[in-house]
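What follows is each chain in one-letter form.
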Amino acid sequence: MPFNPQALSLNRTIQSANPAVYELLSRRGKAIYFPKLGILSQSAEAVGKTINATIGTALEDTGAPMVLGSLASLVNLKRTDGFSYAPSSGRPEIRSSWKRMMLTKNPSLQGKTFSLPVVTSALTHGLSMAGYLFIEERDSIISPDYYWENYDLVFGNAHGGRIDTFPTFTENLRFNVGALHDKLLRAPAGKKAVILNFPNNPTGYTVTESEAYGVRAALVEAAEAGNSIAVLIDDSYFGLVYEQGVLRESMFALLADAHERILAVKLDGPTKEDYVWGFRVGFVTFAIKNGTAELYNALGAKLAGAIRGNISNASNISQSLLLQAYAGTSYDAEKEEKYRTLERRYRKIREVIAAHPEYGNYFHPLPFNSGYFMCIRIVSGKAEAIRRTLLDKYSTGTISQNDVLRLAFSSTPLAMIETLFENCYHAAKECA
Ligand SMILES: Cc1ncc(COP(=O)(O)O)c(C=O)c1O
(Lines give C-alpha, C1' and ligand atoms only; values in the text may rest on other atoms or scores of the structure.)
Protein backbone atom coordinates (compact mmCIF):
# COMPACT_ATOMS: atom_id res chain seq x y z
CA MET A 1 0.00 0.00 0.00
CA PRO A 2 1.51 3.39 -0.94
CA PHE A 3 2.03 5.79 1.95
CA ASN A 4 -0.43 8.62 2.45
CA PRO A 5 1.14 11.98 1.49
CA GLN A 6 0.77 13.10 5.14
CA ALA A 7 2.88 10.11 6.25
CA LEU A 8 5.44 10.88 3.54
CA SER A 9 5.69 14.45 4.80
CA LEU A 10 6.32 13.27 8.40
CA ASN A 11 8.86 10.75 7.09
CA ARG A 12 10.74 13.47 5.22
CA THR A 13 10.85 15.59 8.39
CA ILE A 14 12.18 12.66 10.45
CA GLN A 15 14.67 11.61 7.80
CA SER A 16 16.12 15.06 7.42
CA ALA A 17 16.24 15.64 11.21
CA ASN A 18 17.82 12.28 12.03
CA PRO A 19 18.10 9.37 9.53
CA ALA A 20 18.78 6.89 12.36
CA VAL A 21 15.35 7.58 13.87
CA TYR A 22 13.78 6.99 10.48
CA GLU A 23 15.64 3.69 10.27
CA LEU A 24 14.18 2.68 13.64
CA LEU A 25 10.57 3.02 12.46
CA SER A 26 8.72 -0.16 11.57
CA ARG A 27 6.86 -0.30 8.26
CA ARG A 28 3.66 0.55 10.13
CA GLY A 29 5.55 3.34 11.89
CA LYS A 30 6.58 4.73 8.53
CA ALA A 31 3.04 4.49 7.17
CA ILE A 32 1.20 6.12 10.07
CA TYR A 33 0.32 9.80 10.32
CA PHE A 34 -2.06 11.94 12.31
CA PRO A 35 -4.71 13.07 9.82
CA LYS A 36 -4.56 16.84 9.57
CA LEU A 37 -6.95 16.86 6.65
CA GLY A 38 -10.43 15.32 6.64
CA ILE A 39 -12.80 15.27 9.62
CA LEU A 40 -10.41 16.75 12.17
CA SER A 41 -9.33 19.75 10.13
CA GLN A 42 -12.84 20.42 8.85
CA SER A 43 -14.16 20.30 12.44
CA ALA A 44 -11.41 22.66 13.58
CA GLU A 45 -12.35 25.13 10.85
CA ALA A 46 -15.97 25.12 12.05
CA VAL A 47 -15.16 26.09 15.66
CA GLY A 48 -17.02 29.29 16.62
CA LYS A 49 -19.44 29.23 13.67
CA THR A 50 -23.14 29.95 14.38
CA ILE A 51 -24.07 26.44 13.32
CA ASN A 52 -21.48 23.75 13.81
CA ALA A 53 -22.76 20.51 12.34
CA THR A 54 -19.37 18.82 12.36
CA ILE A 55 -19.10 17.43 15.88
CA GLY A 56 -19.50 13.69 16.47
CA THR A 57 -20.75 14.10 20.04
CA ALA A 58 -24.31 14.88 21.08
CA LEU A 59 -25.08 18.37 22.38
CA GLU A 60 -28.16 19.78 24.04
CA ASP A 61 -29.99 22.61 22.29
CA THR A 62 -28.04 24.91 24.65
CA GLY A 63 -24.73 23.62 23.26
CA ALA A 64 -23.76 21.76 26.46
CA PRO A 65 -22.75 18.09 26.13
CA MET A 66 -25.71 15.74 26.60
CA VAL A 67 -25.24 13.94 29.89
CA LEU A 68 -27.50 11.52 31.73
CA GLY A 69 -28.52 13.00 35.07
CA SER A 70 -27.71 9.80 36.90
CA LEU A 71 -24.07 10.09 35.72
CA ALA A 72 -23.79 13.89 35.99
CA SER A 73 -24.71 13.67 39.67
CA LEU A 74 -21.70 11.38 40.24
CA VAL A 75 -19.12 13.57 38.55
CA ASN A 76 -17.94 16.82 40.08
CA LEU A 77 -16.35 18.18 36.90
CA LYS A 78 -17.35 20.49 34.06
CA ARG A 79 -19.31 18.41 31.53
CA THR A 80 -16.72 18.99 28.85
CA ASP A 81 -13.96 17.75 31.18
CA GLY A 82 -15.89 14.74 32.38
CA PHE A 83 -17.84 13.50 29.40
CA SER A 84 -16.39 14.86 26.14
CA TYR A 85 -13.52 13.39 24.13
CA ALA A 86 -9.92 14.29 24.89
CA PRO A 87 -7.60 14.91 21.92
CA SER A 88 -5.81 11.80 20.58
CA SER A 89 -2.47 13.05 21.90
CA GLY A 90 -4.04 13.96 25.25
CA ARG A 91 -5.23 17.11 26.99
CA PRO A 92 -2.66 19.88 26.40
CA GLU A 93 -2.71 20.89 30.10
CA ILE A 94 -1.84 17.40 31.38
CA ARG A 95 0.85 16.98 28.74
CA SER A 96 2.58 20.15 29.84
CA SER A 97 2.04 19.40 33.56
CA TRP A 98 3.56 15.97 33.15
CA LYS A 99 6.54 17.42 31.28
CA ARG A 100 7.09 19.94 34.10
CA MET A 101 6.81 17.16 36.67
CA MET A 102 9.29 15.04 34.71
CA LEU A 103 11.84 17.83 35.07
CA THR A 104 11.28 18.03 38.82
CA LYS A 105 11.56 14.27 39.22
CA ASN A 106 14.60 14.08 36.91
CA PRO A 107 16.70 17.19 37.51
CA SER A 108 19.39 16.01 35.10
CA LEU A 109 16.92 16.41 32.22
CA GLN A 110 17.50 20.17 32.60
CA GLY A 111 19.06 21.52 29.45
CA LYS A 112 18.37 18.34 27.44
CA THR A 113 15.81 18.22 24.67
CA PHE A 114 12.81 15.93 24.90
CA SER A 115 9.33 15.84 23.43
CA LEU A 116 6.04 16.86 24.93
CA PRO A 117 4.57 13.65 26.41
CA VAL A 118 1.71 12.08 24.45
CA VAL A 119 -1.12 10.59 26.51
CA THR A 120 -1.87 6.89 26.14
CA SER A 121 -4.41 4.65 27.83
CA ALA A 122 -1.81 3.82 30.51
CA LEU A 123 1.53 2.09 30.13
CA THR A 124 0.48 -1.16 28.51
CA HIS A 125 -1.04 0.86 25.70
CA GLY A 126 2.05 3.08 25.53
CA LEU A 127 4.24 -0.02 25.20
CA SER A 128 1.98 -1.35 22.49
CA MET A 129 2.09 1.97 20.61
CA ALA A 130 5.90 1.97 20.88
CA GLY A 131 5.74 -1.55 19.41
CA TYR A 132 3.52 -0.22 16.60
CA LEU A 133 6.04 2.49 15.73
CA PHE A 134 9.29 0.59 16.15
CA ILE A 135 8.82 -3.21 16.13
CA GLU A 136 8.68 -5.15 12.91
CA GLU A 137 7.72 -8.84 12.49
CA ARG A 138 10.63 -10.94 13.77
CA ASP A 139 12.45 -7.98 15.39
CA SER A 140 14.19 -8.78 18.66
CA ILE A 141 13.69 -6.69 21.75
CA ILE A 142 16.68 -7.09 24.03
CA SER A 143 15.59 -7.40 27.66
CA PRO A 144 16.88 -8.66 31.00
CA ASP A 145 15.49 -12.17 31.56
CA TYR A 146 13.36 -11.02 34.48
CA TYR A 147 10.68 -9.02 32.72
CA TRP A 148 6.95 -8.35 32.97
CA GLU A 149 5.29 -11.32 31.29
CA ASN A 150 2.84 -9.09 29.39
CA TYR A 151 5.73 -7.96 27.15
CA ASP A 152 5.24 -11.29 25.35
CA LEU A 153 1.68 -10.34 24.40
CA VAL A 154 2.47 -6.69 23.72
CA PHE A 155 5.55 -7.17 21.56
CA GLY A 156 5.20 -10.82 20.52
CA ASN A 157 1.53 -11.46 19.85
CA ALA A 158 0.59 -7.92 18.84
CA HIS A 159 3.65 -6.94 16.80
CA GLY A 160 5.41 -10.19 15.88
CA GLY A 161 8.55 -9.28 17.82
CA ARG A 162 10.57 -11.54 20.09
CA ILE A 163 11.94 -10.80 23.55
CA ASP A 164 15.64 -11.66 23.39
CA THR A 165 16.88 -12.00 26.95
CA PHE A 166 20.20 -11.77 28.76
CA PRO A 167 20.73 -12.85 32.38
CA THR A 168 19.58 -9.97 34.58
CA PHE A 169 22.18 -10.54 37.28
CA THR A 170 25.83 -11.56 37.35
CA GLU A 171 26.97 -14.33 39.70
CA ASN A 172 27.80 -11.56 42.18
CA LEU A 173 24.21 -10.40 41.94
CA ARG A 174 24.98 -7.13 40.20
CA PHE A 175 23.03 -5.94 37.17
CA ASN A 176 24.57 -7.73 34.20
CA VAL A 177 25.83 -4.79 32.17
CA GLY A 178 28.35 -7.10 30.45
CA ALA A 179 25.60 -9.37 29.13
CA LEU A 180 23.68 -6.38 27.75
CA HIS A 181 26.90 -5.14 26.14
CA ASP A 182 27.45 -8.55 24.49
CA LYS A 183 23.88 -8.75 23.19
CA LEU A 184 24.23 -5.30 21.64
CA LEU A 185 27.65 -5.78 20.13
CA ARG A 186 27.76 -9.45 19.09
CA ALA A 187 24.99 -9.12 16.48
CA PRO A 188 25.75 -7.33 13.21
CA ALA A 189 25.29 -3.56 13.41
CA GLY A 190 21.82 -2.31 12.43
CA LYS A 191 18.51 -1.53 14.02
CA LYS A 192 18.18 -2.64 17.65
CA ALA A 193 15.48 -2.36 20.31
CA VAL A 194 16.07 -2.64 24.05
CA ILE A 195 13.59 -2.55 26.90
CA LEU A 196 14.57 -1.50 30.42
CA ASN A 197 12.23 -1.50 33.41
CA PHE A 198 13.39 -0.09 36.76
CA PRO A 199 12.05 -0.59 39.41
CA ASN A 200 11.61 -3.97 37.80
CA ASN A 201 8.63 -6.25 37.71
CA PRO A 202 9.11 -8.98 38.97
CA THR A 203 12.40 -8.53 40.88
CA GLY A 204 11.91 -5.13 42.48
CA TYR A 205 15.44 -4.25 41.35
CA THR A 206 16.65 -0.85 40.20
CA VAL A 207 20.17 -0.40 38.89
CA THR A 208 22.67 1.40 41.09
CA GLU A 209 23.95 4.72 39.80
CA SER A 210 27.20 3.14 38.61
CA GLU A 211 25.34 0.27 36.89
CA ALA A 212 23.11 2.85 35.19
CA TYR A 213 26.16 4.61 33.77
CA GLY A 214 27.47 1.20 32.69
CA VAL A 215 24.22 0.59 30.79
CA ARG A 216 24.55 4.01 29.18
CA ALA A 217 28.16 3.33 28.19
CA ALA A 218 27.22 -0.05 26.63
CA LEU A 219 24.46 1.59 24.59
CA VAL A 220 26.75 4.42 23.48
CA GLU A 221 29.45 1.93 22.44
CA ALA A 222 26.86 0.01 20.41
CA ALA A 223 25.66 3.25 18.78
CA GLU A 224 29.27 4.19 18.00
CA ALA A 225 29.64 0.76 16.37
CA GLY A 226 26.90 1.74 13.89
CA ASN A 227 23.75 0.50 15.60
CA SER A 228 20.60 2.59 15.75
CA ILE A 229 18.88 1.79 19.02
CA ALA A 230 15.36 2.40 20.30
CA VAL A 231 15.52 2.12 24.08
CA LEU A 232 12.07 1.65 25.59
CA ILE A 233 12.15 2.73 29.22
CA ASP A 234 9.26 1.30 31.22
CA ASP A 235 9.05 3.58 34.25
CA SER A 236 5.84 2.11 35.68
CA TYR A 237 7.15 2.05 39.25
CA PHE A 238 9.12 5.29 39.03
CA GLY A 239 9.87 6.92 42.38
CA LEU A 240 9.54 3.82 44.56
CA VAL A 241 13.24 3.44 45.41
CA TYR A 242 14.13 2.55 49.00
CA GLU A 243 17.95 2.51 49.13
CA GLN A 244 20.76 5.01 48.74
CA GLY A 245 23.08 4.70 45.76
CA VAL A 246 20.25 3.34 43.63
CA LEU A 247 19.23 5.30 40.53
CA ARG A 248 16.58 7.81 41.58
CA GLU A 249 16.09 9.37 38.17
CA SER A 250 14.86 7.59 35.08
CA MET A 251 17.29 5.94 32.65
CA PHE A 252 15.56 8.30 30.23
CA ALA A 253 17.38 11.26 31.82
CA LEU A 254 20.72 9.49 31.30
CA LEU A 255 19.95 8.50 27.72
CA ALA A 256 18.21 11.68 26.53
CA ASP A 257 21.43 13.13 25.15
CA ALA A 258 23.51 9.94 24.97
CA HIS A 259 23.94 9.62 21.21
CA GLU A 260 22.37 10.67 17.93
CA ARG A 261 21.61 7.01 17.21
CA ILE A 262 19.99 6.27 20.59
CA LEU A 263 16.30 7.15 20.70
CA ALA A 264 15.05 7.06 24.30
CA VAL A 265 11.32 6.32 24.58
CA LYS A 266 9.92 6.86 28.06
CA LEU A 267 6.77 5.01 29.05
CA ASP A 268 5.41 6.26 32.32
CA GLY A 269 2.25 7.42 34.00
CA PRO A 270 0.16 7.76 37.08
CA THR A 271 -1.00 4.11 37.21
CA LYS A 272 1.45 3.18 39.97
CA GLU A 273 3.02 6.57 40.62
CA ASP A 274 -0.31 8.01 41.73
CA TYR A 275 -2.10 4.79 42.71
CA VAL A 276 -4.76 5.03 39.97
CA TRP A 277 -4.56 1.62 38.30
CA GLY A 278 -8.03 1.84 36.73
CA PHE A 279 -7.73 5.40 35.39
CA ARG A 280 -5.88 4.21 32.27
CA VAL A 281 -3.66 7.21 31.66
CA GLY A 282 0.00 7.02 30.67
CA PHE A 283 2.55 8.96 28.67
CA VAL A 284 5.08 8.36 25.92
CA THR A 285 7.99 10.82 25.63
CA PHE A 286 10.88 10.82 23.15
CA ALA A 287 14.42 12.11 23.54
CA ILE A 288 17.55 11.94 21.42
CA LYS A 289 20.79 13.88 21.34
CA ASN A 290 20.28 17.09 19.33
CA GLY A 291 16.59 16.26 18.89
CA THR A 292 14.75 19.14 17.24
CA ALA A 293 11.19 20.34 17.79
CA GLU A 294 10.40 19.23 14.21
CA LEU A 295 11.62 15.69 14.91
CA TYR A 296 9.69 15.41 18.19
CA ASN A 297 6.54 16.86 16.61
CA ALA A 298 6.74 14.39 13.74
CA LEU A 299 7.21 11.43 16.10
CA GLY A 300 4.37 12.77 18.26
CA ALA A 301 2.13 13.06 15.19
CA LYS A 302 2.87 9.45 14.24
CA LEU A 303 2.15 8.31 17.77
CA ALA A 304 -1.08 10.33 17.88
CA GLY A 305 -2.08 8.74 14.56
CA ALA A 306 -1.42 5.25 15.93
CA ILE A 307 -3.52 6.12 19.00
CA ARG A 308 -6.34 7.58 16.89
CA GLY A 309 -6.51 4.40 14.84
CA ASN A 310 -6.39 2.22 17.93
CA ILE A 311 -8.36 3.67 20.87
CA SER A 312 -9.05 7.13 19.42
CA ASN A 313 -8.16 8.85 22.70
CA ALA A 314 -7.54 8.12 26.38
CA SER A 315 -10.02 8.72 29.18
CA ASN A 316 -10.82 12.43 29.52
CA ILE A 317 -12.41 12.09 32.95
CA SER A 318 -9.22 10.50 34.27
CA GLN A 319 -7.04 13.23 32.77
CA SER A 320 -9.29 15.88 34.36
CA LEU A 321 -9.16 14.28 37.81
CA LEU A 322 -5.38 13.94 37.64
CA LEU A 323 -4.97 17.56 36.56
CA GLN A 324 -6.93 18.68 39.60
CA ALA A 325 -4.85 16.49 41.91
CA TYR A 326 -1.57 17.79 40.43
CA ALA A 327 -2.73 21.36 41.01
CA GLY A 328 -3.69 20.62 44.62
CA THR A 329 -1.54 21.57 47.59
CA SER A 330 -1.69 18.19 49.34
CA TYR A 331 -0.59 16.04 46.38
CA ASP A 332 3.10 15.75 47.32
CA ALA A 333 2.40 14.97 50.97
CA GLU A 334 -0.19 12.33 50.06
CA LYS A 335 2.28 10.62 47.73
CA GLU A 336 4.97 10.71 50.38
CA GLU A 337 2.62 8.99 52.84
CA LYS A 338 1.92 6.11 50.43
CA TYR A 339 5.62 5.80 49.63
CA ARG A 340 6.37 5.50 53.37
CA THR A 341 3.81 2.70 53.72
CA LEU A 342 5.48 0.70 50.97
CA GLU A 343 8.95 1.53 52.28
CA ARG A 344 8.04 0.23 55.77
CA ARG A 345 7.02 -3.11 54.26
CA TYR A 346 10.25 -3.20 52.26
CA ARG A 347 12.34 -2.59 55.42
CA LYS A 348 10.36 -5.24 57.29
CA ILE A 349 11.21 -7.78 54.60
CA ARG A 350 14.91 -6.93 54.92
CA GLU A 351 14.61 -7.33 58.69
CA VAL A 352 12.79 -10.68 58.45
CA ILE A 353 15.31 -12.12 55.99
CA ALA A 354 18.24 -10.95 58.14
CA ALA A 355 16.66 -12.50 61.24
CA HIS A 356 16.14 -15.93 59.62
CA PRO A 357 19.34 -17.39 58.18
CA GLU A 358 17.57 -20.79 58.08
CA TYR A 359 15.46 -19.52 55.16
CA GLY A 360 18.66 -19.71 53.09
CA ASN A 361 18.41 -23.53 53.13
CA TYR A 362 15.31 -23.26 50.97
CA PHE A 363 15.32 -19.91 49.20
CA HIS A 364 17.38 -16.79 48.55
CA PRO A 365 16.09 -13.33 47.76
CA LEU A 366 17.04 -11.98 44.35
CA PRO A 367 18.48 -8.46 44.56
CA PHE A 368 15.73 -5.95 45.34
CA ASN A 369 15.69 -2.33 46.43
CA SER A 370 12.56 -0.73 44.98
CA GLY A 371 9.08 -1.05 43.53
CA TYR A 372 6.19 -3.31 44.47
CA PHE A 373 7.79 -6.75 44.48
CA MET A 374 10.66 -8.97 45.50
CA CYS A 375 11.47 -12.51 44.39
CA ILE A 376 12.79 -15.52 46.21
CA ARG A 377 14.75 -18.10 44.25
CA ILE A 378 14.01 -21.64 45.31
CA VAL A 379 17.02 -23.75 46.28
CA SER A 380 15.44 -27.14 45.66
CA GLY A 381 11.99 -28.19 44.52
CA LYS A 382 9.67 -26.47 42.14
CA ALA A 383 8.43 -22.91 42.67
CA GLU A 384 5.05 -23.90 41.23
CA ALA A 385 4.69 -26.76 43.75
CA ILE A 386 5.52 -24.36 46.57
CA ARG A 387 3.00 -21.87 45.25
CA ARG A 388 0.30 -24.55 45.28
CA THR A 389 1.26 -25.63 48.80
CA LEU A 390 1.15 -22.02 49.95
CA LEU A 391 -2.34 -21.68 48.49
CA ASP A 392 -3.75 -24.97 49.72
CA LYS A 393 -2.13 -25.29 53.14
CA TYR A 394 -1.15 -21.77 54.16
CA SER A 395 -3.87 -19.65 52.56
CA THR A 396 -1.14 -17.58 50.92
CA GLY A 397 -1.10 -16.42 47.31
CA THR A 398 2.15 -15.79 45.43
CA ILE A 399 3.22 -15.83 41.77
CA SER A 400 5.57 -18.54 40.51
CA GLN A 401 7.78 -17.81 37.50
CA ASN A 402 10.30 -20.53 36.61
CA ASP A 403 12.48 -21.00 39.70
CA VAL A 404 11.27 -17.99 41.65
CA LEU A 405 8.26 -16.89 43.63
CA ARG A 406 7.28 -13.26 43.27
CA LEU A 407 6.02 -11.69 46.48
CA ALA A 408 4.09 -8.43 46.16
CA PHE A 409 4.68 -6.37 49.27
CA SER A 410 2.58 -3.70 47.60
CA SER A 411 -0.46 -5.73 48.56
CA THR A 412 0.71 -7.40 51.80
CA PRO A 413 -0.06 -5.61 55.06
CA LEU A 414 2.97 -4.82 57.20
CA ALA A 415 1.64 -7.05 59.98
CA MET A 416 1.51 -10.07 57.64
CA ILE A 417 5.01 -9.86 56.21
CA GLU A 418 6.63 -12.04 58.84
CA THR A 419 3.92 -14.68 58.38
CA LEU A 420 4.25 -14.50 54.59
CA PHE A 421 7.93 -15.46 54.87
CA GLU A 422 7.32 -18.04 57.56
CA ASN A 423 4.70 -19.64 55.29
CA CYS A 424 7.10 -19.59 52.34
CA TYR A 425 9.73 -21.23 54.51
CA HIS A 426 7.47 -24.05 55.63
CA ALA A 427 6.04 -24.63 52.16
CA ALA A 428 9.51 -24.61 50.58
CA LYS A 429 10.78 -27.05 53.20
CA GLU A 430 7.87 -29.40 52.54
CA CYS A 431 8.42 -29.27 48.76
CA ALA A 432 12.23 -29.54 48.86
C1 LIG B 1 6.57 -3.42 34.28
C2 LIG B 1 5.18 -2.99 34.00
N3 LIG B 1 4.93 -2.27 32.90
C4 LIG B 1 3.69 -1.86 32.60
C5 LIG B 1 2.63 -2.20 33.42
C6 LIG B 1 1.25 -1.78 33.00
O7 LIG B 1 0.82 -0.61 33.54
P8 LIG B 1 -0.59 0.01 33.16
O9 LIG B 1 -1.57 -0.54 34.15
O10 LIG B 1 -0.36 1.48 33.31
O11 LIG B 1 -0.93 -0.37 31.78
C12 LIG B 1 2.83 -2.96 34.57
C13 LIG B 1 1.69 -3.32 35.42
O14 LIG B 1 1.67 -4.26 36.13
C15 LIG B 1 4.14 -3.36 34.86
O16 LIG B 1 4.40 -4.11 35.94
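Worth saying up front: this structure is predicted, and the values here are computed from it rather than measured. (Residues numbered from 1 in each chain as written. Predicted model: local features only at pLDDT ≥ 70, side-chain atom pairs only at ≥ 80, totals over all residues. Heavy atoms only, no water.)

1. Description of the overall build of the protein
Secondary structure assignment for the protein yields 18 helices and 11 strands. Since a compact globule built from 432 residues should have a radius of gyration of about 22 Å, the 23 Å found for the protein is in line with a globular shape. In the protein, which comprises 432 residues, the share counted as buried stands at 53%. Surface exposure of the protein reaches about 19,500 Å², of which carbon and sulfur atoms provide 53%. Taken as two groups, the 45 positive and 42 negative side-chain charges of the protein have centres that lie 4 Å from each other. (Helix = DSSP H or I, 4+ residues; strand = E, 2+ residues; numbered from the N terminus. Rg over C-alpha atoms; globule rule 2.2 N^0.38 Å. Buried < 20%, exposed > 50% of the residue type's maximum accessible area, 1.4 Å probe, protein only. Areas by Shrake-Rupley, 256 points an atom, 1.4 Å probe, with all protein chains shown as cover. Lys, Arg positive; Asp, Glu negative; His and termini not counted. Charge placed at Lys NZ, Arg CZ, Asp CG, Glu CD.)

2. As for the pattern of salt bridges
This model, assessed by the stated rule, comprises 25 salt bridges. The residue Asp139 makes a salt bridge to Lys191 at a minimum N-O spacing of 3.2 Å. Of this pair, Asp139 sits in the loop between helix 8 (122–134) and strand 2 (140–144) while Lys191 sits in strand 4 (residues 191–197), and the two are 52 residues apart along the sequence. Overall, the relative accessible area of 18% leaves Asp139 in the buried class. You can call Lys191 partly exposed: its relative accessible area is 28%. Salt-bridge contacts for Arg347 lead to Glu343; the nearest nitrogen and oxygen are separated by 3.1 Å. Here Glu343 and Arg347 lie together in helix 16 (residues 331–355), a separation of four residues that amounts to about one turn. Accessibility expressed as a relative area gives 13% for Glu343, which makes it buried. In this structure, a network of salt bridges that share partners links the residues Glu243, Glu336, Arg340, Glu343, Arg347 and Arg350. (Salt bridge = Lys/Arg side-chain N within 4 Å of Asp/Glu carboxyl O.)

3. Describing unusual backbone geometry
Omega for the bond connecting Phe198 with Pro199 falls within 30 degrees of zero, at -15°, which places this linkage in the cis form. Residue position: Pro199 is located in the loop between strand 4 and helix 11 (209–224). For the bond running from Asn201 to Pro202, omega is 20°, close enough to zero to count as cis. Along the chain, Pro202 falls in the loop between strand 4 and helix 11.

4. Notes on the sheet that holds strand 8 (residues 363–365)
Judged by pairing direction, the sheet is antiparallel, and its four strands sit side by side in the order 8-9-11-10 without closing on themselves. Looking at strand neighbours, the two that pair on one side only are strand 8 and strand 10 (399–401), the edges of this open sheet. Between one strand and the next, the sheet's axes are offset by a mean angle of 30°, whatever the strand orientation. Two strands pair when backbone bridges link them, and strand 8 and strand 9 (residues 373–378) are joined in this way by three bridges, in the antiparallel orientation. Within strand 9, the residue paired with His364 across the bridge is Arg377. Where helix 18 (residues 417–431) meets the sheet, its contacts fall on strand 8, strand 9 and strand 11 (404–408), and the angle it forms with strand 8 comes to roughly 145°. (Pairing = 2+ DSSP bridges. Axes fitted to C-alpha atoms, helices over the stretch in contact; angles between N-to-C directions. Contact = heavy atoms within 4.5 Å.)

5. Notes on the site of the ligand
Neighbouring the ligand are the residues Ala122, Leu123, Thr124, Trp148, Asn197, Asn201, Asp234, Ser236, Tyr237, Thr271, Lys272 and Arg280. Contact between the ligand and Thr124: an oxygen atom at 2.5 Å from a side-chain N or O atom of the residue. Between the ligand and Asp234, the relevant distance is 2.6 Å, taken from a nitrogen atom to a side-chain nitrogen or oxygen of the residue. When the ligand sits alone it has 400 Å² of accessible area, and the protein chains cover 91% of it. Listed by contribution, the elements that provide at least two residues to the shell around the ligand are helix 8 and helix 13 (270–273). The element contributing the most residues to the shell around the ligand is helix 8, with three residues. When grouped by side-chain class, the residues that make up the shell around the ligand number four nonpolar, five polar and three charged. (Near = heavy atom within 4 Å. Polar contact = N/O pair within 3.5 Å; in protein donor to acceptor, adjacent residues only side chain to side chain. Nonpolar A, V, L, I, M, F, W, Y, C, P; charged D, E, K, R; others polar.)

6. Quick word on the environment of Gln15
Its location among the elements puts Gln15 in helix 1 (residues 5–17). The exposure class assigned to Gln15 is partly exposed, which follows from its relative accessible area of 40%. In this structure the C-alpha to C-alpha distance between Gln15 and Leu414, which are 399 residues apart in sequence, comes to 53 Å.

7. Quick word on the domain arrangement of the protein
The domain boundaries assigned to the protein delineate domain 1 (5–34 + 88–327) and domain 2 (332–431). Tallying the contact residues gives 25 residues for domain 1 and 24 residues for domain 2. Summing both sides of the interface, domain 1 and domain 2 together bury roughly 2,100 Å²; the carbon and sulfur share of this comes to 55%. Linking domain 1 with domain 2 are four salt bridges. For Arg350, the salt bridge goes to Glu243, with nearest N and O atoms at 3.8 Å. If you look at where domain 1 meets domain 2, you find 15 residue pairs in polar contact (both at pLDDT 80 or more). (Domains from an automatic or database assignment. Buried area = accessible area lost by both parts, 1.4 Å probe.)

8. Comments concerning empty space enclosed by the protein
What the rule picks out here adds up to two cavities of 30 Å³ or more. Reported here for the largest cavity is a volume of approximately 80 Å³. When the residues that make up the lining of the largest cavity are grouped by side-chain class, the tally is six nonpolar, three polar and three charged. Here the second largest cavity is characterised by a volume of approximately 60 Å³. Considering the residues around the second largest cavity, the lining is formed by 14 residues, among which Pro144, Tyr146, Asn197, Phe198 and Asn200 are closest to the centre. (1 Å grid on protein atoms, 1.4 Å probe; cavity = no way out; pocket = protein on both sides within 12 Å on 5 of 7 lines; lining within 4 Å. Points joined across faces, edges and corners; volume = space filled by probe spheres on them.)

9. With respect to the packing of aromatic side chains
Throughout the structure, instances matching the rule amount to 24 aromatic pairs. Their ring planes at 85° and their centres at 5.4 Å tell us that Phe175 and Phe198 sit as a pair that is edge-to-face. With a gap of 23 residues between them, Phe175 in the loop between strand 3 (162–166) and helix 10 (177–186) and Phe198 in the loop between strand 4 and helix 11 connect regions that are remote in the sequence. Each member of the pair, Phe175 together with Phe198, is buried. Judged by centre distance (5.8 Å) and plane angle (70°), the ring pair of Tyr237 and Phe373 falls under edge-to-face. Within this pair, whereas Tyr237 is found in the loop between strand 5 (228–234) and helix 12 (251–255), its partner Phe373 is found in strand 9, the two being separated by 136 residues in sequence. (Phe/Tyr/Trp six-rings, centres within 6.5 Å; stacked < 30°, edge-to-face > 60°.)

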